[in-house]
Amino acid sequence: MPALGGHAVVMGAGMAGLLTARALAESYENVTVVERDRPTAPEQERRGVPQGKHAHLLLARGKQVLEQMFPGITDELVANGAASFPVLERFRSQLVGREVRRGHVGEFVSMTRPFLEGHIRRRVEARGGVTLLDGHDVVGLAVRGDRVTGVRVNDGAGERVLDADLVVDAMGRGARSPAWLAQLGHPAPPTDELHVDIGYASRLVRAPEDALGADKGMLIGPKPGLSRAMAMFKVEGDSRWLLTLVGYAGHPPTDEEGFMEFARTVVPDETFAVLKESEPLSEIRRFRFPTSRRRRYEKLRSFPGGLLVAGDAICSFNPIYGQGMSVAALQAAALRRTLMDGEHDLARRYFRAVARVVAPVWRLAVQADLAIPEIQAPRPLSFRITDAYIRRVQRAVSLDEAAASRFFRVTSLVEPPGSLLRPSMAWRALRPRRSAAEAVRP
Ligand SMILES: Cc1cc2nc3c(=O)[nH]c(=O)nc-3n(C[C@H](O)[C@H](O)[C@H](O)COP(=O)(O)OP(=O)(O)OC[C@H]3O[C@@H](n4cnc5c(N)ncnc54)[C@H](O)[C@@H]3O)c2cc1C
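Residues numbered from 1 in each chain as written. Predicted model: local features only at pLDDT ≥ 70, side-chain atom pairs only at ≥ 80, totals over all residues. Heavy atoms only, no water.

Visitor: How should I be thinking about the overall build of the protein chain in this particular structure?
Guide: For the protein chain, the helix and strand inventory stands at 12 helices and 19 strands. Taken over the C-alpha trace, the protein chain has a radius of gyration of 22 Å; the compact-globule value for 442 residues is 22 Å, and the two agree within 12%. Along the longest, intermediate and shortest principal axes, the C-alpha atoms of the protein chain span 70 × 50 × 40 Å. Counting the 442 residues in the protein chain, one finds 56% classified as buried. Intrachain contacts of the protein chain at a sequence separation of at least 6 include 71% that bridge at least 24 residues. (Helix = DSSP H or I, 4+ residues; strand = E, 2+ residues; numbered from the N terminus. Rg over C-alpha atoms; globule rule 2.2 N^0.38 Å. Buried < 20%, exposed > 50% of the residue type's maximum accessible area, 1.4 Å probe, protein only. Contact = heavy atoms within 4.5 Å.)

Take a look at the structure:
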């Protein structure tokens, strides 16, 4: 691919920043990733990514894109200790109170977020032309006229400017691009928001390898009358499991007794017994996620040259669906494709490409969110019609392996949501059934 410019700077070395750097490295001679944290080891939990202490599922689509960007990464993760197991075969999943039918839809790789990010970081660093500049706080942009020409950074000893042909804001939910746009005289992007008020509490535990029998993962979603969820996954390291409890409106407590009492309401009895015997390997850590937010940069008519935005800084989804890292990977792939056609009109073409990636995922998440009674928001007619159909699909998913596989591929972003409307699926969802298996678990 032709070199478009000499130097690109990515602000933030989270998943989006690292993957963006990987995409830019094909078109820019040098890429610098500026990160405020100063991790002492690549796989370390760190302050700038507090969500990294909680369950982070890598969806099948995200895994595919990572494998394209970093050939062999899946094998490397598994060789270094990530758990790998066939989804829906060795993975117990409950949807609105019903067990999802078992089947085979591919391998799932399970690990903590710092472990995954550490591996991606090493791969990005190993690629020539990319420099990771840790311990540097981005304090502002350097601007000439209506063009961003660099980034102002502070390493604690003083401020300096990194000149750049292109700057990408990947600083997560707190990214400052909307404020910077205002300073430059541009309107802020229109923003879609949904107040979800979801709370996480997580702990690493040591439990036997067969803590879940033959299963290596368990996901229990909210059900009628109980808007709580849990995830328990085998992660890297001997007998290490990550337990995450989730609550809408009423959040899981972080004191020992409250945490276990909350767990008792959502974890199956046999697993709760295992948890009571397990050895805590970490404190109980919490995260509160008030609002899903989608910034519609593609709708702006004016945008400064030399600046792009990526990752959670564009869209941060309700984390319960595990979409963020996969969407960050898809955005980076979209950036790579956009750069293949040169820098002309780059921001407009990039934000449009990103909107095509984000829109179906956002709709999927919002549709599921609005089915949660605690979420206070208007339910339009379109939601109610789709919801009635989705409830039939969810019932089919508990009874029928083909329906379960397709539903799983859609929620893993491998197939578009529209494939749930295909005749083979509609037939499974809509045909009348009478079976004890249809009963929602109490
Ligand atoms: C509780 C929770 C659970 C989640 N679970 C999942 C899941 O199961 N699966 C999934 O795919 N996604 C999940 N996500 C979403 C996922 O974490 C993000 O979508 C994804 O990591 C992309 O984030 P990012 O790189 O855009 O931002 P971040 O990960 O927030 O990274 C931003 C980076 O910018 C740096 N930074 C910030 N300010 C500055 C500054 N001034 N100067 C320099 N550096 C700066 C930060 O230190 C950080 O390294 C979850 C999110 C939450 C909150």
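So that's the structure; there's more coming.
Visitor: How do you make sense of the sheet that holds strand β10 (residues 159-163) when you look at a structure like this?
Guide: The strands making up a sheet are joined through hydrogen bonds of the backbone, oriented either antiparallel or parallel. Taken in spatial order, the three strands line up as β8-β9-β10 in an open sheet, and their pairing is antiparallel. At either margin of the open sheet sits one strand with a lone partner, and together these are β8 (137-144) and β10. The sheet shows a mean angle of 30° between the axes of neighbouring strands, direction not considered. As paired elements, β8 and strand β9 (residues 147-154) share seven bridges and run antiparallel to each other. Counterpart to Arg144 in the pairing with β9 is Arg147. (Pairing = 2+ DSSP bridges. Axes fitted to C-alpha atoms, helices over the stretch in contact; angles between N-to-C directions.)

Visitor: I'm lost on the nonpolar core in this one. Help?
Guide: Ranked by size, the top nonpolar core spans 95 residues in total, and within it Leu24 and Ile120 carry the most contacts. Structurally, this core is a two-domain feature, drawing no fewer than three residues from each of domain 1 (5-49 + 113-190 + 296-365) and domain 2 (193-285). Excluding its chain neighbours within four sequence positions, the residues that come into contact with Leu24 are Ala8, Val10, Val31, Leu166, Val168, Leu335 and Leu339. Residues Ala83, Phe85, Leu88 and Ala426 belong to the second largest nonpolar core, which totals 28 residues. (Core = buried A, V, L, I, M, F, W, Y, C linked by side-chain atoms within 4.5 Å. Domains from an automatic or database assignment.)

Visitor: How do you make sense of the site of the ligand when you look at a structure like this?
Guide: Around the ligand sit 34 residues, and of these Glu35, Leu57, Arg113, Asp312 and Met325 come closest. Between the ligand and the protein, one listed contact pairs an oxygen atom with a backbone N or O atom of Met325 at 2.7 Å. Across the complex, the protein chains shield 95% of the 1,000 Å² of accessible surface that the ligand would expose by itself. It is helix α8 (residues 324-340) that contributes the most residues to the shell around the ligand, three residues altogether. Its residues assigned to classes, the shell around the ligand shows 14 nonpolar, 12 polar and eight charged. (Near = heavy atom within 4 Å. Polar contact = N/O pair within 3.5 Å; in protein donor to acceptor, adjacent residues only side chain to side chain. Areas by Shrake-Rupley, 256 points an atom, 1.4 Å probe, with all protein chains shown as cover. Nonpolar A, V, L, I, M, F, W, Y, C, P; charged D, E, K, R; others polar.)

Visitor: Sorry, what's going on with the pattern of salt bridges here?
Guide: Pairs may arise between side chains of opposite charge once their charged atoms sit close together. Applying the stated criterion across every chain yields a total of 32 salt bridges. Two residues, Arg113 and Glu117, come together in a salt bridge whose shortest N-O distance is 2.8 Å. On the criterion of helical spacing, the pair formed by Arg113 and Glu117 is a turn pair, its members being four residues apart in helix α4 (residues 113-126). Each of the two residues, Arg113 as well as Glu117, counts as buried. The partner of Glu256 in a salt bridge is Arg203, and the shortest N-O contact between them spans 2.8 Å. (Salt bridge = Lys/Arg side-chain N within 4 Å of Asp/Glu carboxyl O.)

Visitor: So what exactly am I meant to see when it comes to the confidence of the model for the protein chain here?
Guide: Interpretation of this model should avoid reading the predicted coordinates in detail wherever pLDDT is low. Chain-level statistics for the protein chain give a pLDDT mean of 94 and a share of 97% at 70 or above. In the predicted structure, residues 436-442 sits below a pLDDT of 50 and forms 17 contacts with residues beyond four places in sequence or in another chain. (pLDDT = per-residue confidence, 0-100.)

Visitor: Explain the side chain of Ser282 here, please?
Guide: By secondary structure assignment, the location of Ser282 is in the loop between β16 (279-280) and β17 (285-295). Owing to a relative accessible area of 14%, Ser282 belongs among the buried residues under this scheme. Polar side-chain contacts of Ser282 include one of 3.0 Å to the backbone nitrogen of Leu204.

Visitor: Help me out: how do you make sense of the packing of aromatic side chains in this one?
Guide: Two measures describe an aromatic ring pair: the distance that separates the ring centres and the angle between the ring planes. This structure, assessed with the given rule, holds 11 aromatic pairs. Relative to Phe233, the ring of Phe91 has its centre 5.6 Å away and its plane inclined at 35°; by these criteria the two rings are tilted. You can see Phe91 sitting in strand β4 (residues 91-95) and its partner Phe233 sitting in strand β14 (residues 228-234), a full 142 residues away along the chain. Of the two residues, Phe91 and Phe233, both sit in the buried class. Relative to Trp362, the ring of Phe317 lies with its centre 6.3 Å away and its plane at 50°, an arrangement referred to as tilted. Remark: Trp362 occurs in helix α9 (residues 346-370) and Phe317 occurs in the loop between β19 (315-316) and α8; sequence separation between them is 45 residues. (Phe/Tyr/Trp six-rings, centres within 6.5 Å; stacked < 30°, edge-to-face > 60°.)

Visitor: What's the story with the layout of surface pockets in this structure? I'm lost.
Guide: Gaps left between atoms show up when a probe the size of a water molecule is rolled over them. In this structure, the second largest pocket encloses a volume near 170 Å³. Around the second largest pocket sit 13 residues that line it, and Leu330, Val357, Pro360, Val361 and Leu413 are the ones nearest its centre. At five residues, α9 tops the list of elements feeding residues into the lining of the second largest pocket. For the lining of the second largest pocket, a count of residues per class yields 10 nonpolar, no polar and three charged. Counting contributing residues, the lining of the second largest pocket receives three or more from each of domain 1 (5-49 + 113-190 + 296-365) and domain 3 (381-438). (1 Å grid on protein atoms, 1.4 Å probe; cavity = no way out; pocket = protein on both sides within 12 Å on 5 of 7 lines; lining within 4 Å. Points joined across faces, edges and corners; volume = space filled by probe spheres on them.)

Visitor: Help me understand the domain arrangement of the protein chain, please; the structure alone is not making it clear to me.
Guide: Many descriptions give the size of an interface as the accessible area lost when the pieces come together. In terms of domains, the protein chain is made up of domain 1 (5-49 + 113-190 + 296-365), domain 2 (193-285) and domain 3 (381-438). Computed from C-alpha coordinates alone, the two centres of domain 1 and domain 3 are separated by 36 Å. Listed as interface residues are five residues of domain 1 and, on the opposing side, four residues of domain 3. Our count for the domain 1 to domain 3 interface comes out at zero salt bridges. Inspection of the domain 1/domain 3 interface yields zero residue pairs in polar contact (both at pLDDT 80 or more). Looking at the side of domain 1 that touches domain 3, the elements that each hand over two or more residues are α8 and α9. Sorting elements by how many residues they give to the side of domain 1 that touches domain 3 places α9 first, with three residues. When the residues that make up the side of domain 1 that touches domain 3 are grouped by side-chain class, the tally is four nonpolar, one polar and no charged.

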